[in-house]
There are 2 protein chains.
Amino acid sequence: MVETLKRAPAYKPFQAPERKLFGPGPSPVDSRVLQAMTTPVLGHLDPLFLACMDDIKDLLRYTFETDNRMTLPISGTGSAGMESCVVNLVEPGDEAIICINGFFGERLHEMTERSGAKPIPVRSEWGSPIDKNRVEDALKSHNAKVLAVVQAETSTGVLQDLTGLGEMAHRYGALLILDAVTALGTHPVSVDANQIDACYSCSQKGIGAPPGLAPVTFSERAVDHIRRRRTRVQSWYLDVTTIEKYWGSDRAYHHTAPISMNYALREGLRLLAEEGLEPRWARHELNHKAFVAGAEAMGLRMAVAPGSRLWSLNAVSVPEGVDDARVRAGLLEDSNIEIGSGLGPFKGRVWRIGLMGFGSTRENVLLILEALRSAMEAEGKVCPSGIEAAERVYATAPNH
Amino acid sequence: MVETLKRAPAYKPFQAPERKLFGPGPSPVDSRVLQAMTTPVLGHLDPLFLACMDDIKDLLRYTFETDNRMTLPISGTGSAGMESCVVNLVEPGDEAIICINGFFGERLHEMTERSGAKPIPVRSEWGSPIDKNRVEDALKSHNAKVLAVVQAETSTGVLQDLTGLGEMAHRYGALLILDAVTALGTHPVSVDANQIDACYSCSQKGIGAPPGLAPVTFSERAVDHIRRRRTRVQSWYLDVTTIEKYWGSDRAYHHTAPISMNYALREGLRLLAEEGLEPRWARHELNHKAFVAGAEAMGLRMAVAPGSRLWSLNAVSVPEGVDDARVRAGLLEDSNIEIGSGLGPFKGRVWRIGLMGFGSTRENVLLILEALRSAMEAEGKVCPSGIEAAERVYATAPNH
């Protein structure tokens, strides 16, 4: 029929070992979430699937702590969520203040540029939070339509304090975009209380589902702003006004939703709600503190100052004389443990150790501490165990 | 902690019945493909996942019938694949000939407009293919950079003959974009033989995986064209040059790939290769012919003329006096059978009955024919059974 038809490649079914996912994400996925993906596939307009979508919106509103009507998962990964917030809120020529203290602030900057808007960067060093006074200076001296901030900078492990940023943006006539990719489900994001206008996250970190969806939420203020746009949103796929016609009461076909991924997201969110946000945050905080106590007892240094550390992602400085890549490869090959490397200026200098979602447990803290000690020993750096110091943190925890 | 914290919603795990998916997609998913998604999640830079990506690229090249280096799944649904082809190949101000004979041609037109390019529509009626002479006239009278064609118009069930279109586009200095969303894995697409420069599809039709990924392939001519762009691709998420840095040998982090969806895609493609493209096309053709014979024996009319019918998706005219929506709802509720409604001018006038991927079987043809007969009877339209006519087609098939 077609002369170029090639011989069909013959493959076996793919198999993978159970990795312990202590990198910057994906985080470990509970078997209930994996199993949810084997639920029979429904059509994207099946009334039963439409009910599943309603559950997801309800669960996302709880997780984002918002009443926003326009709350739904974008059918792509976290970066698609980022791009959806940028391209819906900015128009060509608009000024946008972009806070940059790591890799993902840079990405926001690039997306803003590609959208034809004019990004105004407010920079801080990698590993440090953004200075709010400098943000206010930038808002004062520009006519920005948008202020974009990363709450949890996945590249550095830095937590950004959000207090007052929403109110500040609004005072200067700007909307606040928040990157909560590594924050949602691990730290309070509090979309309504923090007056956030557009917030995006991902399925594979604090929520504990596989990667593939990007929960977003838009305030009424943001929705009004979108309605008054002078130009169409440049991306058809990421235009939230038309996506909302499918996720809202119109049920108008937009694109075929990733059915099985939505099953997984629903189950991850369901288990999150079952635990409750406050106990979940407390769990992440406790395991983070135990990890830090253990790591410091081993003589390791955290790359971020105490007040700005994420509970979900621990940035640990690679000790002098230790081969970053060899340690990571050894952990993966010998112990099925994944930890993350540094990015950009942190490349080779920092390990990113994620304890998030289902991965944030006492058992995992003790496991990774012992694995690190052993890896250091293999590098000729004999150091004390961190287990006791970590256990002391657990012993003093209220619900221990 | 946060005063607005709401009570957590309590949900049960989601359950769904086994629907028989005879709509325009998603098509039925084999249990081996569903099970593949329960494979332990790997990190997106895990060497074992990188190997899985290489398998997928190899299997996609087989399925697209191409040697194109740049062949990979976009991390979104088919429409994200469409947008990636448009925004990578066109630049603001460029002219682009867009063939429109249905809903998805219109979508291509809209995406082209949103990209800042100038779409030149070449229209044909819904239900008819595009006249190639009119395409050539449009190429002659414009300076188009791109010609975009839908091979399988999912909204109407029309197959577009591709012969000569690639050569014609190139003669006038244009690149050929092909929509193979409902064609890939069911009809020959033959990317190299047809000189297609950019082709996109989806995971949930001919491949038989759940929705969520959009396989794309770009010819070297297209890649050269992208390299010589005057402007950056407007979408960061869909910029194939940077996505290819992750999927190619650089392995540079771009975004976190949807790991579990890629497992499903690999398994769907693996089973496709196991069957082989030619037997798969023959299977779709045979079941389509049996369905048509049965439907016509029942007195139903196909909405598309014989030479232009898709093997994957059958457009059947809703008989006079029959309530389209009531029939579809009845099939779903009483028999767990999903069929598709018409879109646009076909709304209420056409049923779209998909027999694709794992769904294209003799058993399913007989099942849907009998279900249609019974549904018609419930509407007061007693008609003969189509089973015998369908069986006659099977009886004369070479491998029966």
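One can find the structure itself at the top, above this paragraph.
Report follows, based on the coordinates. (Residues numbered from 1 in each chain as written. Chains lettered and ligands numbered in written order. Predicted model: local features only at pLDDT ≥ 70, side-chain atom pairs only at ≥ 80, totals over all residues.)

### So, the relation of the copies chain A and chain B
Line of reasoning, step 1. Mapping chain A onto chain B calls for a screw motion: a turn of 180 degrees about the axis and a shift of 0.0 Å along it, with 0.0 Å RMSD after fitting. Both chain copies can therefore be described as sitting about a two-fold axis. Of every C-alpha in chain A, the one belonging to glycine 76 of chain A sits nearest the axis of rotation, 2.5 Å from it.
Line of reasoning, step 2. Interface overlap between copies: 100% of the residues of chain A at the interface are likewise at the interface in chain B, consistent with a symmetric, same-surface contact. (Least-squares fit on C-alpha atoms with pLDDT ≥ 70 in both. Contact = placed C-beta atoms within 7 Å.)

### Section: the sheet that holds strand E4 (residues 118–123) of chain B
All names here are of chain B.
Line of reasoning, step 1. An order of E2-E10-E9-E8-E5-E3-E4 is seen for the 7 strands of this open sheet, with the pairing classed as mixed. Two strands in the sheet have a free side with no partner beyond their single neighbour: strand E2 (70–74) and E4. Strand after strand, the sheet turns through a mean of 15 degrees between neighbouring axes, direction not considered.
Line of reasoning, step 2. Pairing of strand E9 (residues 198–200) with strand E10 (residues 214–218), which is carried by 3 bridges, proceeds in the antiparallel orientation. Along E10, the bridge assignment pairs tyrosine 200 with valine 216.
Line of reasoning, step 3. Packing of helix H4 (residues 103–114) onto the sheet brings it into contact with strand E3 (95–100), E4, strand E5 (146–150) and strand E8 (175–179), and relative to E3 it is tilted by some 160 degrees. (Pairing = 2+ DSSP bridges. Helix = DSSP H or I, 4+ residues; strand = E, 2+ residues; numbered from the N terminus. Axes fitted to C-alpha atoms, helices over the stretch in contact; angles between N-to-C directions.)

### Overview of helix H5 (residues 132–141) of chain B
Residue and element names in this part refer to chain B.
Line of reasoning, step 1. Those residues of H5 not exposed but buried are Val135, Ala138 and Leu139. All buried residues of H5 fall inside an arc of 100 degrees around its axis, so they share one side. Along H5, exposed side chains directed more than 90 degrees from the buried face belong to Asn133, Lys140 and Ser141.
Line of reasoning, step 2. Residues of H5 that are buried make contact with E3, E4, E5 and helix H6 (165–171). (Buried ≥ 20, exposed ≤ 12 C-beta atoms within 10 Å, placed from the backbone. Arc of directions from axis to C-beta.)

### As for the packing of helix H11 (residues 324–335) of chain B against helix H12 (residues 362–378) of chain B
All names here are of chain B.
Line of reasoning, step 1. One way to put it is that H11 packs onto H12 with a least axis distance of 10 Å and a crossing angle of 120 degrees. When the interaxial angle is binned, H11 and H12 end up oblique. Regarding H11 and H12, the two cross each other, and that crossing is right-handed. Across the interface between the two elements, Val327, Gly330, Leu331 and Ser335 from H11 touch Ala371, Ala375 and Ala378 from H12. (Parallel < 35°, antiparallel > 145°, perpendicular 65-115°, else oblique. Left-handed = near helix turned anticlockwise from the far one by under 90°.)

### Some remarks on the packing of helix H10 (residues 277–297) of chain B against helix H13 (residues 387–395) of chain B
Each pair of packed helices can be summarised by the angle the axes make with each other and by the distance between the axes.
Residues and elements named next belong to chain B.
Line of reasoning, step 1. Axis separation between H10 and H13 bottoms out at 7 Å; the angle between their running directions is 150 degrees. On the basis of the axis angle, H10 is roughly antiparallel to H13. Where H10 crosses over H13, the handedness of that crossing is right-handed. Of H13, the residues touching H10 (which contributes Lys289, Ala290, Phe291, Ala293, Gly294 and Ala297) are Ile387, Ala389, Ala390, Arg392, Val393 and Tyr394.

### So, unusual backbone geometry
Line of reasoning, step 1. Cis geometry marks the peptide bond from glycine 25 of chain A to proline 26 of chain A, where omega comes out at 5 degrees.
Line of reasoning, step 2. Structurally, the position occupied by proline 26 of chain A is in the loop between strand E1 (20–22) and helix H1 (31–36).
Line of reasoning, step 3. Positive phi outside glycine occurs at serine 190 of chain A, with the angle close to 50 degrees.
Line of reasoning, step 4. Counting through the fold element by element, serine 190 of chain A comes out in the loop between strand E8 (175–179) and strand E9 (198–200).
Line of reasoning, step 5. The backbone phi angle of arginine 251 of chain B is positive, close to 60 degrees, even though this residue is not glycine.
Line of reasoning, step 6. Inspection of the secondary structure assignment puts arginine 251 of chain B in the loop between helix H8 (240–247) and helix H9 (259–275).
Line of reasoning, step 7. Residue arginine 251 of chain B is classed as partly exposed on the basis of its 14 C-beta neighbours within 10 Å.

### Concerning H11 of chain B
Line of reasoning, step 1. The end-to-end C-alpha distance of H11 of chain B, which contains 12 residues, comes to 16 Å, matching closely the 16 Å that a straight helix rising 1.5 Å per residue would cover.
Line of reasoning, step 2. Backbone geometry just after H11 of chain B places asparagine 336 of chain B at a positive phi near 55 degrees. (Expected span 1.5 Å × (residues − 1).)

### Some thoughts on the pairing of strand E2 (residues 70–74) of chain A
Residues and elements named next belong to chain A.
Line of reasoning, step 1. Most of E2 is tucked away, with 5 of its 5 residues classed as buried.
Line of reasoning, step 2. As judged from the 5 bridges shared by E2 and strand E10 (residues 214–218), these two strands associate in the antiparallel manner. Residue pairing across strands places methionine 70 opposite phenylalanine 218, the latter belonging to E10.

### Description of the environment of glycine 206 of chain B
Residues and elements named next belong to chain B.
Line of reasoning, step 1. As for its position among the elements, glycine 206 is in the loop between E9 and E10.
Line of reasoning, step 2. Considered as a pair, glycine 206 and proline 28 are 178 residues apart in the sequence and their alpha carbons are 9.9 Å apart.
Line of reasoning, step 3. Not counting the four nearest positions on each side in its chain, glycine 206 is found in contact with Leu184, Gly185, Thr186, Ser312, Met356 and Gly357.

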